[in-house]
Amino acid sequence: MKKAVIIYWSGTGNTEAMAQSICEGVKNKGVEVNLVSVDDADVSMVENADFVALGCPSMGAEVLEEYSMEPFVESLKDVSLGGKKLALFGSYDWGDGQWMREWEERMSDYGADLVGDGLIVHLTPDSDGEQQCVELGEKLVG
């Protein structure tokens, strides 16, 4: 059976809510999924998954969270991501999504097969945002 892993960091719960909706979309397609906070994740989870979703809100001057998510993402540069489908997501309060564009470029440079553009939602996902997350989960494994 194909396996997916959704690894996220969330400070206020907004990105966690997105992760849960993405998880729902993955399950809709009958794929086994592991939803895990980045603090409980390790690189082998990415290596052993067929599909990967990474989530982090925009922090500070539109960057990834620096104590947990940034080091984890940095550790992925040594992982063979070639051909592995990967989705990125996160919430934001202000800015224009620069952190996501930079993250997309970085993961492409690491060899990941990005599934569309990173999904960004302003603050707490509303019903439309939740639906976009479900659809991203379905697209990731579809």
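Structure: above.
Residues numbered from 1 in each chain as written. Predicted model: local features only at pLDDT ≥ 70, side-chain atom pairs only at ≥ 80, totals over all residues. Heavy atoms only, no water.

A.B. asks: Account for the pairing of strand β6 (residues 119-122), with residues named and values stated.
C.D. replies: Consecutive side chains along a regular strand alternate between the two faces of the sheet. Side chains Leu119 and Val121 project from β6 onto a buried face, and the interleaved Ile120 and His122 project onto a face without burial. Across four bridges, the pairing between strand β4 (residues 85-92) and β6 is parallel. Its bridge partner being in β6, Tyr92 is matched across the sheet by His122. (Buried < 20%, exposed > 50% of the residue type's maximum accessible area, 1.4 Å probe, protein only. Helix = DSSP H or I, 4+ residues; strand = E, 2+ residues; numbered from the N terminus. Pairing = 2+ DSSP bridges.)

A.B. asks: Could you give an account of the environment of Met107, naming the residues involved and the relevant values?
C.D. replies: With respect to the element layout, Met107 can be found in helix α4 (residues 98-109). Between the alpha carbons of Met107 and Cys56 there is a distance of 14 Å; along the sequence they are 51 residues apart. Not counting residues within four places of it along the chain, the set of residues in contact with Met107 comprises Leu54, Val73, Leu76, Leu81, Leu86, Leu88, Ala112 and Leu114. (Contact = heavy atoms within 4.5 Å.)

A.B. asks: Break down the environment of Asn34 for me, with residues and values.
C.D. replies: Take Asn34: it is sitting in strand β2 (residues 32-37). Along the sequence, Asn34 and Lys3 sit 31 residues apart, while their C-alpha atoms lie 8.0 Å from each other.

A.B. asks: For the pattern of salt bridges, give the residues involved together with the corresponding values.
C.D. replies: Scanning the model with the defined rule gives four salt bridges in all. Put simply, Arg101 and Asp96 hold a salt bridge, and the shortest N to O gap is 3.0 Å. According to the relative accessible area criterion, Arg101 is partly exposed, its value standing at 37%. Here the residues in one salt-bridge network are Glu70, Glu74, Lys77 and Arg106, joined through shared partners. (Salt bridge = Lys/Arg side-chain N within 4 Å of Asp/Glu carboxyl O.)

A.B. asks: Quick rundown of the packing of helix α1 (residues 14-28) against helix α5 (residues 127-141)? Include the residues and the values.
C.D. replies: It is at 7 Å that the axes of α1 and α5 come closest, and there the two elements cross at 45°. When the axis of α1 is compared with that of α5, the two are oblique. Here the hand of the crossing between α1 and α5 comes out right-handed. For the pair formed by α1 and α5, the contact residues are Met18, Ser21, Ile22, Glu24, Gly25, Val26 and Asn28 on the first element and Glu130, Cys133, Val134, Leu136, Gly137, Glu138 and Val141 on the second. The class makeup of the residues in the contact of α1 with α5 is seven nonpolar, four polar and three charged. (Axes fitted to C-alpha atoms, helices over the stretch in contact; angles between N-to-C directions. Parallel < 35°, antiparallel > 145°, perpendicular 65-115°, else oblique. Left-handed = near helix turned anticlockwise from the far one by under 90°. Nonpolar A, V, L, I, M, F, W, Y, C, P; charged D, E, K, R; others polar.)

A.B. asks: Talk me through the pairing of strand β3 (residues 51-55); I want residue IDs and the actual numbers.
C.D. replies: When you tally the buried positions in β3, you get five out of five residues, the bulk of the element. Side chains Phe51, Ala53 and Gly55 of β3 all project onto a buried face; the interleaved residues Val52 and Leu54 project onto the opposite face, where all are buried too. As paired elements, strand β1 (residues 3-8) and β3 share five bridges and run parallel to each other. If you follow Tyr8 over to β3, its bridge partner there is Gly55. Pairing of β3 with β4, which is carried by five bridges, proceeds in the parallel orientation. Across the sheet, residue Val52 finds its bridge partner in β4, namely Leu86.

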